[in-house]
Amino acid sequence: MQIDYWPAWLGGLGIGLFVLLHFWLIGRPAGCSTGYGHICALACRRLKFFHSGEYRDVNNTRLWFLLGIPFGGLLSALLSADPWHWNFSMGMYDAVLPQTATGKALWLIFGGMLLGFGARLAGACTTGHALVGGAMLNPPSLVAGAVFFTSAMAMTWLLFKV
Amino acid sequence: MLHKRKLNILAWLLGVLFGFLMSRAGATTYDLHAKMFLWEDFQLMIVISVAVLVGMAGIWWMQQNGLHSLGTGAPIQFPRKPWQKGLLLGAFLFGIGWAMTASCPGTVPAMLGEGKLPALFVLIGIILGTLAYGVLQDAIQCLRRDG
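The structure displayed is predicted, hence computed values, not measured ones.

With that settled, consider the packing of aromatic side chains. Using the criterion set out here, one finds 19 aromatic pairs over all chains in the structure. Measuring from ring centre to ring centre gives 4.9 Å for Phe-50 of chain A and Tyr-55 of chain A, while their planes differ by 90°; the resulting arrangement is edge-to-face. A relative accessible area of 0% means that Phe-50 of chain A is categorised as buried. Classification of Tyr-55 of chain A as buried rests on a relative accessible area of 2%. Here the aromatic rings of Phe-117 of chain A and Tyr-133 of chain B are separated by 5.9 Å at their centres, their planes lie at 70°, and the arrangement is edge-to-face. In this pair, Phe-117 of chain A is assigned in helix 4 (residues 101–122) and Tyr-133 of chain B in helix 6 (residues 118–146), connecting two distinct chains. Here Phe-117 of chain A falls in the partly exposed class, since its relative accessible area comes to 21%. Through a chain of ring-to-ring contacts, the aromatic side chains of Phe-49, Phe-50, Tyr-55 and Phe-117 of chain A together with Tyr-133 of chain B assemble into a single cluster. The lysine or arginine in question, Lys-104 of chain A, covers the ring of Phe-88 of chain A, its NZ or CZ lying 4.4 Å from the ring centre. One residue, Lys-161 of chain A, lies across the ring of Trp-157 of chain A, its end atom 5.6 Å from the ring centre.

Encoded structure:
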C-alpha cells in the first residue's frame, strides 16, 4: 500500500496541532501504549495489574482512542492513488528480514513483544515520551526518547549494514 | 463537562485523526523508518521535530492562560511521566523493537487500517509484551505479599 504522504513540515504541523487538540478536548496528554494495557485487561480478567491503579476503569478514552486509529489509516489509504489492498511487503526490510512467511511473522511478533514490554518498562512509547513528553520538556521523557532513537538506530545499522 | 460516553466518542474521533495524520506524515511507510535511522532521508525527523516544537509552544500558551478542557470542564492536566525503575532498559528494548518492525504502538493500528499485514503480527506481539509486563508485575506483588 503506497501512501501519498505530505511534505514533512505539514505532517509535523498536523501532529503538533493534534497534540494540542487532544489536551484541550480530553484534558490530558495523548498516549498510545497505555491503551494496550486496557486491551490486556479485556483479554484477561484475572490480571490484577491491568485492573488496578491507573488501569482500574477499562472503558476510558485511552482505549477508545486506540480503537479509532485503524479507521484513520484506512481513510488515508482510501484517499491515496494506490487502491486499497492487503499486502505483506515491507519495502527495504524485505531484503534483510527472514525470507519465509513464518520466519517473518515470528520476527515481527518478537519485535512487537519488545515494543509492548519495553514501552511499559519505560512508562510510555514514542507518542507519550518523545512527542508529548518532549513537547513538555520533561527530562525522563527526553532521556527515554533519546534511548529509543539511539538503540533503534544501532539495530537498524546492524540489520542493513553489517 | 461531557458525559463519559461522549468523551469516549471524542477520544475515538481523535484516534481516527491521529491515525490519518500518522499515515499522511509518512510514519506508516516502512522505508522512511529505515532511511531515517540510516541518515538517508529526513522526512520523519522533520515531522517529529516540527510536531514537538508546535506542541511546546502550544502547551506553554495553554499553561500561561490556565486553559480549561472542553471535554472535562476542569483545568487541563499536564502530568509528567516520572523516572521509573527500568526506564533505560525499557527504552533500549523498545528501540530494538522499533528497528525490527519499523513501527511503534501508535502507528501499528494505522498500518492495519491501510492493509499492511505485517502490522497484524506486530500487534499480536505488542499485546503479548504488554501482557507479559502485567503478569510480571502481578508475580512481583505476590512475592512481596508472601515474603
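Glancing now at the pattern of salt bridges. All chains considered together, the criterion is met by four salt bridges over all chains. Glu-40 of chain B serves as the salt-bridge partner of Lys-161 of chain A, at 4.0 Å between the closest nitrogen and oxygen. Placement of Lys-161 of chain A in helix 6 (residues 139–161) and of Glu-40 of chain B in the loop between helix 2 (30–37) and helix 3 (43–65) is noted, with the two residues assigned to different chains. Residue classification places Lys-161 of chain A among the partly exposed positions, given a relative accessible area of 47%.

Once that is clear, we can look at the confidence of the model for chain B. Of the residues in chain B, 99% have a pLDDT of 70 or more, and the chain-wide mean is 96. Overall fold confidence for the complex sits at a pTM of 0.96, while the interface term, ipTM, reaches 0.97.

With that settled, consider the layout of surface pockets. In this structure, the largest pocket spans a volume of roughly 780 Å³. Around the largest pocket, the lining is made up of 38 residues, and of these Arg-28, Glu-54, Asn-60 and Arg-62 of chain A together with Gln-77 of chain B lie nearest the centre. If you list the elements that add at least two residues to the lining of the largest pocket, you get helix 2 (33–43), helix 3 (61–78) and helix 5 (126–135) of chain A together with helix 1 (4–25) of chain B. When the residues that make up the lining of the largest pocket are grouped by side-chain class, the tally is 13 nonpolar, 16 polar and nine charged. A volume near 480 Å³ is recorded for the second largest pocket.

As a further point, take the nonpolar core. Counting 72 residues, the largest nonpolar core has Ile-15, Phe-18, Phe-23 and Phe-65 of chain A together with Phe-94 and Trp-98 of chain B as the members making the most contacts within it. Look past the residues within four positions of Phe-65 of chain A in its chain and what remains in contact with it is Phe-18, His-22, Gly-31 and Cys-32 of chain A together with Ala-11, Trp-12, Leu-14, Gly-15 and Phe-18 of chain B. The next biggest cluster of nonpolar side chains, apart from the first, holds seven residues, and it includes Ala-41, Leu-47, Phe-50 and Tyr-55 of chain A.

Here is what the cut-offs are and how they apply
- Residues numbered from 1 in each chain as written.
- Chains lettered and ligands numbered in written order.
- Predicted model: local features only at pLDDT ≥ 70, side-chain atom pairs only at ≥ 80, totals over all residues.
- Heavy atoms only, no water.
- Phe/Tyr/Trp six-rings, centres within 6.5 Å; stacked < 30°, edge-to-face > 60°.
- Buried < 20%, exposed > 50% of the residue type's maximum accessible area, 1.4 Å probe, protein only.
- Helix = DSSP H or I, 4+ residues; strand = E, 2+ residues; numbered from the N terminus.
- Lys NZ or Arg CZ within 6 Å of the ring centre and 35° of its normal.
- Salt bridge = Lys/Arg side-chain N within 4 Å of Asp/Glu carboxyl O.
- pLDDT = per-residue confidence, 0-100.
- 1 Å grid on protein atoms, 1.4 Å probe; cavity = no way out; pocket = protein on both sides within 12 Å on 5 of 7 lines; lining within 4 Å.
- Points joined across faces, edges and corners; volume = space filled by probe spheres on them.
- Nonpolar A, V, L, I, M, F, W, Y, C, P; charged D, E, K, R; others polar.
- Core = buried A, V, L, I, M, F, W, Y, C linked by side-chain atoms within 4.5 Å.
- Contact = heavy atoms within 4.5 Å.

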